[in-house]
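The lines below spell out each chain.
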Amino acid sequence: MRRKRRALRKPQPAPGKLEKLRTFVNTAAGRRKREELGTPAELGRWFKHRGLLGDDEKLTLDEHASAIAARRNLRSILAVHNGGGPNPEAVEGLAELLVGMRFEPRLEADGSVRFEPVSPGILASLGKLLAIVAVAQNAGSWRRLKICADPECGTAFYDTSGKATWCSTRCGDRVRGRKFRRSYKGRRLRTGGREGLAAVFGLEGGQAE
Ligand SMILES: [Zn+2]
């Protein structure tokens, strides 16, 4: 049976630090698709503001390219969470990034252990984001972080219901509307005029979606 597609009322934030990662992958998403991290300086400011980069650090063009590639690969993996096919290239890209990263265990005040990235520059910033992924995987929240299935949107959202395909009802309605218009146009071409309209509305026993 075909899975029923659902939408959340509006895009939901992710729990805890996972929200930081969601915000990062949304820096070039949404209908406006405005790139917020277009230069090393913009990326550096964004990371510093969120405690992901030291105040006196400056990023190079290569480091900027690494971060943008990591964002693209993370987005590909989040699309898989929403029913997209596997993307070995994205996994490989992140694996290559991990090769250059070093993590050291740190003991927290409550006795728990966490792994802190100790590589310099952008590797530390991206290492912190990947450490968030590791924690979210253990908590079961990682697979609920998804990319909206509307290709014109692409916003990363946290699926609080566990069944959502679209980040909001607005996206769900738009996709259904486009599908309806394509279906209507196609049937009108095939059958013409009122018969086509009847077919779309299921008046000939067909099922309109
Ligand atoms: Zn959306």
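Structure: see above.
Each chain carries its own residue numbering, running from 1 in the direction its sequence is written. For this predicted model, a pLDDT threshold of at least 70 governs which residues receive local features, and a threshold of 80 or more governs which side-chain atom pairs are given and counted, while totals over whole chains, interfaces and linings are taken from all residues.

Draft legend 1. Quick peek at the nonpolar core. Among the nonpolar cores identified, the biggest contains 37 residues, and Val25, Leu78, Cys148, Ala156, Trp166, Cys167 and Cys171 are the most heavily contacted of them. Contributing elements (two or more residues each) for this core: helix H1 (18–25), helix H2 (40–49), helix H3 (61–80), helix H5 (121–139), strand S4 (145–147), strand S5 (156–158), strand S6 (164–166) and helix H6 (169–191). Under the DSSP-based scheme used, a helix requires at least four consecutive residues in state H or I and a strand at least two consecutive residues in state E, with every element numbered from the N terminus. With six residues, H5 is the largest single contributor of residues to this core. Contacts are defined on C-beta atoms placed from the backbone: any two residues whose C-beta positions lie within 7 Å are in contact. Beyond its immediate stretch of four places on either side in the chain, alanine 156 contacts Arg22, Val25, Asn26, Ala29, Leu78, Leu145, Lys146 and Ile147. As used here, a nonpolar core is made of buried Ala, Val, Leu, Ile, Met, Phe, Trp, Tyr and Cys residues. They are joined through C-beta atoms within 7 Å. Residue burial here comes from a neighbour count, namely the number of other C-beta atoms, placed from the backbone, that lie within 10 Å of the residue's own C-beta, with 20 or more meaning buried, 12 or fewer meaning exposed, and in between meaning partly exposed.

Draft legend 2. Quick look at the pairing of strand S2 (residues 103–107). With zero of five residues buried, S2 is to be regarded as a mostly surface element. If you look at the hairpin formed by S2 and strand S3 (residues 113–117), you'll find five residues sitting between the two strands, and glycine 111 has a positive phi there, around 90°. Criterion used throughout: strands pair if DSSP finds at least two bridges between them.

Draft legend 3. Representation of H3 within the structure. By this rule, a helix spans an expected 1.5 Å times one less than how many residues it contains. Compared with the 28 Å implied by 1.5 Å per residue over 20 residues, the 29 Å span of H3 between its first and last C-alpha is a close match. Along H3, the residues classified as buried are Glu63, Ser66, Ala67, Ala70, Arg71, Asn73, Leu74, Ser76, Ile77 and Leu78.

Draft legend 4. Just the packing of H3 against H5, in detail. To get an axis, fit a line to the C-alpha atoms, keeping to the stretch in contact for a helix; angles then go from 0 to 180 degrees between the N-to-C directions. Direction vectors running N to C along H3 and H5 enclose 20°, while the axes themselves pass 9 Å from each other. Judged by the angle between their axes, H3 and H5 are roughly parallel. Between H3 and H5 the crossing geometry is right-handed. Between H3, through Glu63, Ser66, Ala67 and Ala70, and H5, the contact on the second element is made entirely by Gly121, Ile122 and Leu126. Gly is placed with the polar residues, together with every amino acid not listed as nonpolar (Ala, Val, Leu, Ile, Met, Phe, Trp, Tyr, Cys and Pro) or charged (Asp, Glu, Lys and Arg). Across the contact of H3 with H5, the residue classes tally to four nonpolar, two polar and one charged. Should an angle lie under 35 degrees it is considered roughly parallel, over 145 roughly antiparallel, and from 65 to 115 roughly perpendicular; all remaining angles are considered oblique. In a left-handed crossing the near helix is turned counterclockwise from the far helix by less than a right angle, and in a right-handed crossing that turn is clockwise.

Draft legend 5. Representation of the environment of leucine 59 in the model. Assignment of secondary structure puts leucine 59 in the loop between H2 and H3. Accessibility expressed as a C-beta count within 10 Å gives 21 for leucine 59, which makes it buried. Separated by 62 residues in the primary sequence, leucine 59 and glycine 121 place their C-alpha atoms 7.0 Å from one another. Residues within four places of leucine 59 in sequence aside, it is in contact with Pro40, Leu43, Gly44, His64, Gly121 and Ile122.

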